[in-house]
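# Fold and geometry: a report
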Amino acid sequence: MAGVCIKAIITPWVFLWEKGYQETDSVVSSVTTKVKGVTLTNTSTLGPRIWDVADYVIPPQEENSVFVMTNVILTLNQRQDRCPEFPDDQTECNVKNNCVPGYVSTHSNGIQTGECIPYNNSIKTCEVFAWCPVEDDYHIPKPAFLQEAENFTILVKNNIWYPKFNFSKRNILPTINSTYLKNCIYDSQTDPFCPIFRLGKIVEAAGQNFQEMAVEGGVMALQINWDCNLDRAASHCVPKYSFRRLDNKDSAHTVSPGYNFRFAKYYKDTNGTESRTLVKAYGIRFDIIVFGKAGKFDVIPTMINIGSGLALFGVATVLCDIVVLYCMKKRYYYREKKYKYVEDYELGVNETYGTDS
């Protein structure tokens, strides 16, 4: 009886839920992105300034990801010269002997000259040969410099292919026309197949606050799941989007949070003197992660799973006997019912053989 129950459970599970009758294949994918949005800032250093895609998407193209700058520290008009190092425990000095000519550490902005010079009215630091003035990144702008970045949008174009079945599709579905594409924004309820996402909504869907994340940056995942049953019509094979934060946001571990890097823009004046603007960019990197599996009926896996199921039925019977006869409380009762003892008068009245009923 127990063996029959196990058969009744295993058979539907293998063939219906796990689709044991199908051959499967993993997805092959390509992704391209396009960000849009413009914002205005007005600071005492830069004055009114427009920021567009060419300013805040760095670099212009990446493989399966896009970085959007949300905060920035700018060091303008740097030139190679001698100047005071940024003050810290290693660079502050009182006399010349505190500074070592040629010394450079991991965190140095340049190479020490051996002189001790004023950094401001109250602090002296060792002089360095470096790009001057050196960067001061002690205070990160709060709120984020590009607060309006949460209203920027990203178009994700994803093409997928299942080689075994020669099946291909893209996330801009055949039902989407150009008019709809120009006006839609992804919403899990009203527009679940729109490939245009508002950055703030991506972060919000992952349970995060965009304005907090924009200050120091972070890494977000835009996940596209292509699980397709190719025994059904191709129109049923559609992408499912989900979002999560990838970098660790833990209040107990606050060392080196977020995501940032530096780059520079170089210039030369009419005299041939080189200068640069150093940019320390904080921002959110959006990684587009595509995964999925397709299945289609095939005779070979069907026969393999039927054979495995039949073999398992024999094992199930043995296991049920072991449990019933040796583990259960009423094992003696079951043993009496399973085995029947008969007397063999030729061997003697007291000698019996147990026979399996």
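Here the structure is a predicted model, which is why all the values come from computation and not from measurement.

Below, the discussion takes up the overall build of the protein. A tally of helices and strands in the protein yields seven helices and 18 strands. Sequence-distant contacts, at least 24 apart, represent 66% of the contacts inside the protein between residues at least 6 apart. Surface summary for the protein: the accessible area is close to 22300 Å², and the carbon and sulfur share equals 53%.

Under the criterion given, the structure shown has nine salt bridges. Of the charged contacts, one joins Arg262 and Asp137 as a salt bridge, the two residues approaching to 2.9 Å between their closest N and O atoms. Residue Arg262 is located in strand S14 (residues 260-268), and its partner Asp137 is located in the loop between strand S7 (124-132) and strand S8 (153-162); the two are separated by 125 residues in the primary sequence. Residues Arg285 and Asp287 are paired through a salt bridge, measuring 2.9 Å at the closest nitrogen-oxygen approach. Taking the relative accessible area as the measure of exposure, Asp287 reaches 13% and is therefore buried.

All right, on to the state of the cysteines then. This structure, assessed with the given rule, holds five disulfides. Described in terms of the sequence order of its bonded cysteines, the disulfide pattern of the protein is 1-6, 2-4, 3-5, 7-8, 9-10.

Turning our attention to the UniProt feature "binding site: ATP" (unreviewed entry) in the protein. Those residues carrying the UniProt feature "binding site: ATP" (unreviewed entry) are Lys34, Val35, Lys36, Thr153, Asn260, Phe261, Arg262 and Lys280 in this numbering. A relative accessible area of 46% means that Lys34 is categorised as partly exposed. Residues in contact with Lys34, not counting those within four places in the same chain, are Thr153, Ile154 and Leu155. Secondary-structure assignment places Asn260 in strand S14. Its relative accessible area of 29% is what places Asn260 among the partly exposed residues.

Further remarks concern unusual backbone geometry. In this structure, Pro133 follows Cys132 across a cis peptide bond, with omega equal to -5 degrees. Summarising the element assignment, Pro133 is placed in the loop between S7 and S8. Backbone torsion omega between Lys142 and Pro143 reads 0 degrees, so that peptide bond is classified as cis. Structurally, the position occupied by Pro143 is in the loop between S7 and S8. With a phi angle near 60 degrees, Asn64 is a residue other than glycine that sits in the positive phi range. Residue placement: Asn64 occurs in the loop between helix H2 (53-56) and strand S5 (65-84). Phi angles above zero are rare outside glycine, and Asn77 is one such case at about 55 degrees. Relative accessible area serves as the criterion here: at 51%, Asn77 is assigned to the exposed category.

The next subject is a nonpolar patch on the surface. On the surface, Val318, Leu319, Ile322 and Tyr326 cluster together into a nonpolar patch covering about 410 Å² of accessible area. You can see Leu319 is positioned in helix H6 (residues 299-326).

Secondary-structure assignment places Ala205 in helix H4 (residues 199-205). With a relative accessible area of 48%, Ala205 lands in the partly exposed category. The spatial distance from the C-alpha of Ala205 to the C-alpha of Arg245 is 9.7 Å, given a sequence separation of 40 residues.

Here we take up the side chain of Asn171. In this fold, Asn171 is placed in the loop between strand S9 (167-170) and helix H3 (178-183). Engagement of the side chain of Asn171 in a polar contact is seen with the backbone nitrogen of Asn158, the distance being 2.8 Å.

Attention now goes to the pairing of S9. Residues Phe167 and Lys169 of S9 are buried on one face, while the alternating residues Ser168 and Arg170, pointing to the opposite face, are not. In the sheet, S8 pairs with S9 via four bridges, with the strands oriented antiparallel. Bridge assignment links Asn159 to a residue of S9, and that residue is Arg170. Counted between consecutive antiparallel strands, the loop separating S8 from S9 contains four residues, among which Asn166 sits at a positive phi close to 50 degrees.

Once that is clear, we can look at the sheet that holds strand S1 (residues 22-26). Read across the sheet, three strands follow the order S1-S16-S12 without closing on themselves; strand pairing throughout is mixed. Whereas interior strands pair on both sides, the edge strands pair on one side only; in this sheet they are S1 and strand S12 (228-229).

Moving on, we get to the UniProt feature "glycosylation site" (unreviewed entry) in the protein. Under the present numbering, the feature "glycosylation site" (unreviewed entry) in UniProt falls on Asn151. Relative to the assigned elements, Asn151 resides in the loop between S7 and S8.

The next point concerns the environment of Lys164. Topologically, Lys164 is positioned in the loop between S8 and S9. For the pair Lys164 and Gly295, spaced 131 residues apart in sequence, the C-alpha separation works out to 9.8 Å. Look past the residues within four positions of Lys164 in its chain and what remains in contact with it is Glu23, Thr24 and Asp25. Within the local environment of Lys164, its side chain forms a polar contact with the side chain of Glu23, the two groups lying 2.8 Å apart.

Conventions used here
- Residues numbered from 1 in each chain as written.
- Predicted model: local features only at pLDDT ≥ 70, side-chain atom pairs only at ≥ 80, totals over all residues.
- Heavy atoms only, no water.
- Helix = DSSP H or I, 4+ residues; strand = E, 2+ residues; numbered from the N terminus.
- Contact = heavy atoms within 4.5 Å.
- Areas by Shrake-Rupley, 256 points an atom, 1.4 Å probe, with all protein chains shown as cover.
- Salt bridge = Lys/Arg side-chain N within 4 Å of Asp/Glu carboxyl O.
- Buried < 20%, exposed > 50% of the residue type's maximum accessible area, 1.4 Å probe, protein only.
- Disulfide = S-S within 2.5 Å.
- UniProt positions renumbered as here; feature names shortened; annotations may be inferred.
- Patch = residues over 30% accessible without salt bridge, like charges linked within 9 Å, V, L, I, M, F, W, Y side chains within 5 Å.
- Polar contact = N/O pair within 3.5 Å; in protein donor to acceptor, adjacent residues only side chain to side chain.
- Pairing = 2+ DSSP bridges.

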